[in-house]
Amino acid sequence: MSDEIREQRIKEVNELREQGVNPYPYKFEKTETTGEIKEKFSYLEKGQVLEDEKVSTAGRVMAIRKQGKTSFFVIKDVDGRIQAYIRQDKVGEKDFSFFKKYINLGDFIGIKGFPFKTHTGELSVFVEEFKLLSKTLQTLPEKWHGLKDKEIIYRQRYVEMLSNDDALNRFKIRFEILKTVREELNKKGFIEVETPVLHYLTGGATARPFETKMNAFDAEMFMRISLELYLKRYLVGGFDKVYEIGKNFRNEGISYKHHPEFTMMELYQAYADYFDIMDLVEELVNTVVRKVAGKEVIEYGGKKIDFTRPWKRVVMADYIKEKLGADIINDSDEKLLSILEEHESIPEIKERGHLIDKLWDLVEDSVVNPTFIMEHPTIISPLAKKHREKENVTERFELVINGMEIANAFSELNDPVEQFKRFEHQAKLREEGDEEAQMMDLDFISALEYGMPPTGGLGLGWDRIVMLLTDSPSIRDVIPFPMVRKSNEENI
RNA sequence: GGUCCCUUAGCUCAAUUGGCAGAGCGGUUGAUUCUUAAUCAAUAGGUUGCAGGUUCGAUUCCUGCAGGGAUCACCA
């Protein structure tokens, strides 16, 4: 039982304290990461020793190969792993026997020494001094297969990260992507802003919200389902280019591409239209892919996805007509419904907007390479401006990659009277039982009445980009601490 | 929420038709001064997810529950 090993470790911790050794000391002067050492001394020849070069690093002990008067061990830090070599004749009998007795897999250790390359060519650190930095009481997962139990992986992600190097790397990539996005947008003059998470009204998307309560005002509130309506208020207020990267909360089902709490970026640029935003998102995502993947054609689930610019631009109605024969602009509701029925896809709510959404769902999977799907019908786009030339459609596009909607953007509707009418239609849908329809936000209308410049806006779900760039089959693989059912275990 | 599948040692996995619950890693003890999934010897570690049922006998068959996965529905 693990308890037995745990008891053994606690016994050792107590022994250490009795010997005047703190098993959880305060500090270690770590001057190099494992990666920095590897980079700096990779040029060494087999067997070459650089006794005058001093290095100091620290990390978690991931493997120990103890021998009589010498040991090899491997330490892991955020950069990777490096081997260390300790010998009794170098550190002395007392320290060496301490190492053999008290250093276990999983412990944190700090080492000082010099670099050398073994006879088999592995760059290693020859240990002159070491310090136990933190005792682990738990056993590590199996060293060869790593951790595979999905339940532990999701509930105790830290165990996956510490044992499976690819998990740590996956999350490093996630945050490198977000960092790159910020750098690129900041370079273009966008200002990163914040908006409230708790709303009285939800809007900006069609989704069921999480409900909560604010004690101070004794008021029911919702967690935000989008960032849109508050970000637009910044434009009314005088900001030209803003963006926010933050969590949205949608009280809907979980799937390989859906998670109730997910990371959304929204961006608004005054005086721009949806074509400008198309160029911007194409450049931004392409830059991120090139920087993180180092190439423009990536592999996802064995499939090639080509991010080379320019990306395909397809009118939504044309695409659906080509694939299904349905004309979402001119066909009657009855006709659209009958086509849906042919494909055994019947929406619960038989309102035209839902029929169109359903038809789109049927063809979405056939899009693999980055593609802009354009000109969505007005009826399913309550916040988008009417198309400047065509009837019944908006200046909107969605970026679709590998059957997933990655981004959604429009020339933003800034006519307050028109916006009010669109909200009224949404309100009617709500009354008819569509819990996902948007709520009437009169303060937002009021903001528009003060005037919002012509604006191009974008929403982009970065989790899905992270999936693509880490070849992860599920969004839960790229959300560090995904939602799990409340545990029954008392001691987890 | 529906349907199907999974749950055995800390971890990764076995267990023939329903017939003594096993291995590797990890742990402990010992040997070992260039190992790298180190090696060698010894050893501890189990209420087979939980609760019932069928049976002489259940890890194995049945029912319920819990957790997890896949998929469908809703959604991005």
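Since this is a predicted model, take the numbers as computed values, not measurements.

Basis of the calculations
- Residues numbered from 1 in each chain as written.
- Chains lettered and ligands numbered in written order.
- Predicted model: local features only at pLDDT ≥ 70, side-chain atom pairs only at ≥ 80, totals over all residues.
- Heavy atoms only, no water.
- Pairing = 2+ DSSP bridges.
- Helix = DSSP H or I, 4+ residues; strand = E, 2+ residues; numbered from the N terminus.
- Axes fitted to C-alpha atoms, helices over the stretch in contact; angles between N-to-C directions.
- Contact = heavy atoms within 4.5 Å.
- Salt bridge = Lys/Arg side-chain N within 4 Å of Asp/Glu carboxyl O.
- Buried < 20%, exposed > 50% of the residue type's maximum accessible area, 1.4 Å probe, protein only.
- Parallel < 35°, antiparallel > 145°, perpendicular 65-115°, else oblique.
- Left-handed = near helix turned anticlockwise from the far one by under 90°.
- Nonpolar A, V, L, I, M, F, W, Y, C, P; charged D, E, K, R; others polar.
- Domains from an automatic or database assignment.
- Buried area = accessible area lost by both parts, 1.4 Å probe.
- Polar contact = N/O pair within 3.5 Å; in protein donor to acceptor, adjacent residues only side chain to side chain.

Asker: Quick question: what am I supposed to make of the sheet that holds strand S3 (residues 80–87) here?
Answerer: By definition, the strands of a sheet pair up through backbone hydrogen bonds, in either a parallel or an antiparallel sense. The sheet built from five strands closes into a barrel, its strands ordered S1-S2-S3-S5-S4 with mixed pairing. Here the average twist between neighbouring strands, direction ignored, is 55°. Together, strand S1 (55–66), strand S2 (70–77), S3, strand S4 (108–117) and strand S5 (123–134) form the strand contacts of helix H2 (residues 34–41), whose direction differs from that of S3 by roughly 80°. Against the sheet, helix H4 (residues 93–102) engages S1, S2, S3, S4 and S5, with an angle of about 60° to S2.

Asker: Sorry, what's going on with the sheet that holds strand S9 (residues 219–223) here?
Answerer: Pairing within the open sheet is antiparallel, and its three strands lie in the order S7-S9-S8. Lying at the two open borders of the sheet, with one neighbouring strand each, are strand S7 (198–199) and strand S8 (211–214). Judged from the two bridges that link them, S7 and S9 form a sheet pairing that is antiparallel. Across the sheet, the residue bridging to Leu198 is Met223, located in S9.

Asker: Looking at this model, I keep getting lost on unusual backbone geometry. Mind explaining?
Answerer: Peptide bonds are mostly trans, and most non-glycine residues show a negative phi. Residue Pro310 is reached from Arg309 by a cis peptide bond, and omega for that bond is -5°. For Pro310, the location among the structural elements is in the loop between strand S13 (303–306) and strand S14 (312–315).

Asker: Whenever I open this one, the pattern of salt bridges confuses me. Can you help?
Answerer: One pass over the structure, following the stated rule, counts 40 salt bridges. Close ionic contact of Glu282 with Arg309 constitutes a salt bridge, the shortest N to O distance being 2.8 Å. Of the two residues, Glu282 sits in helix H9 (residues 274–293) while Arg309 sits in the loop between S13 and S14, which places them 27 residues apart along the sequence. The class of Glu282 is buried, set by a relative accessible area of 4%. Linking Glu395 and Arg388 is a salt bridge whose minimum nitrogen-to-oxygen distance equals 2.5 Å. When salt bridges with common partners are traced through the structure, they connect Arg9, Glu12, Asp107 and Lys135 into a single cluster.

Asker: Help me understand the packing of helix H7 (residues 165–187) against helix H15 (residues 462–469), please; the structure alone is not making it clear to me.
Answerer: When two helices pack together, their arrangement is given by the angle between their axes and by how far apart the axes lie. Close contact between H7 and H15 brings their axes to 10 Å; oriented N to C, the two are set at 125°. Compared by their axis directions, H7 and H15 come out oblique. In terms of crossing hand, the pair formed by H7 and H15 is right-handed. Contacts between H7 and H15 involve Arg174, Ile177, Leu178 and Val181 from the first element and Trp462, Asp463, Val466 and Leu469 from the second. Among the residues forming the contact of H7 with H15, the class breakdown is six nonpolar, no polar and two charged.

Asker: Explain the pairing of strand S11 (residues 261–270) to me, please; I cannot follow it from the model alone.
Answerer: Where a strand is regular, its side chains alternate between the two sheet faces. Across the 10 residues of S11, nine count as buried, placing the element largely inside the fold. Sheet topology note: the strand S10 (residues 241–249)/S11 ladder contains nine bridges and is antiparallel. Residue pairing in the sheet places Val242 in a bridge with Tyr268 of S11. When S11 meets strand S18 (residues 455–461), the two strands line up antiparallel, connected through seven bridges. Bridge pairing in S18 places Met265 opposite Leu460.

Asker: Please clarify how the domain arrangement of chain A should be interpreted in this entry.
Answerer: By a frequent convention, interface size equals the accessible area lost on bringing the separate parts together. Domain assignment breaks chain A into domain 1 (2–140) and domain 2 (162–311 + 369–477). Using C-alpha coordinates to define each centre, domain 1 is positioned 47 Å away from domain 2. Between domain 1 and domain 2, the contact holds eight residues from the first and six residues from the second. Together, the buried faces of domain 1 and domain 2 total about 550 Å²; carbon and sulfur atoms form 50% of this surface. On inspection of domain 1 and its partner domain 2, the count reaches four residue pairs in polar contact (both at pLDDT 80 or more). For the side of domain 1 that touches domain 2, the secondary structure elements donating two or more residues are S1 and S2. Class assignment of the residues belonging to the side of domain 1 that touches domain 2 gives a composition of three nonpolar, no polar and five charged.

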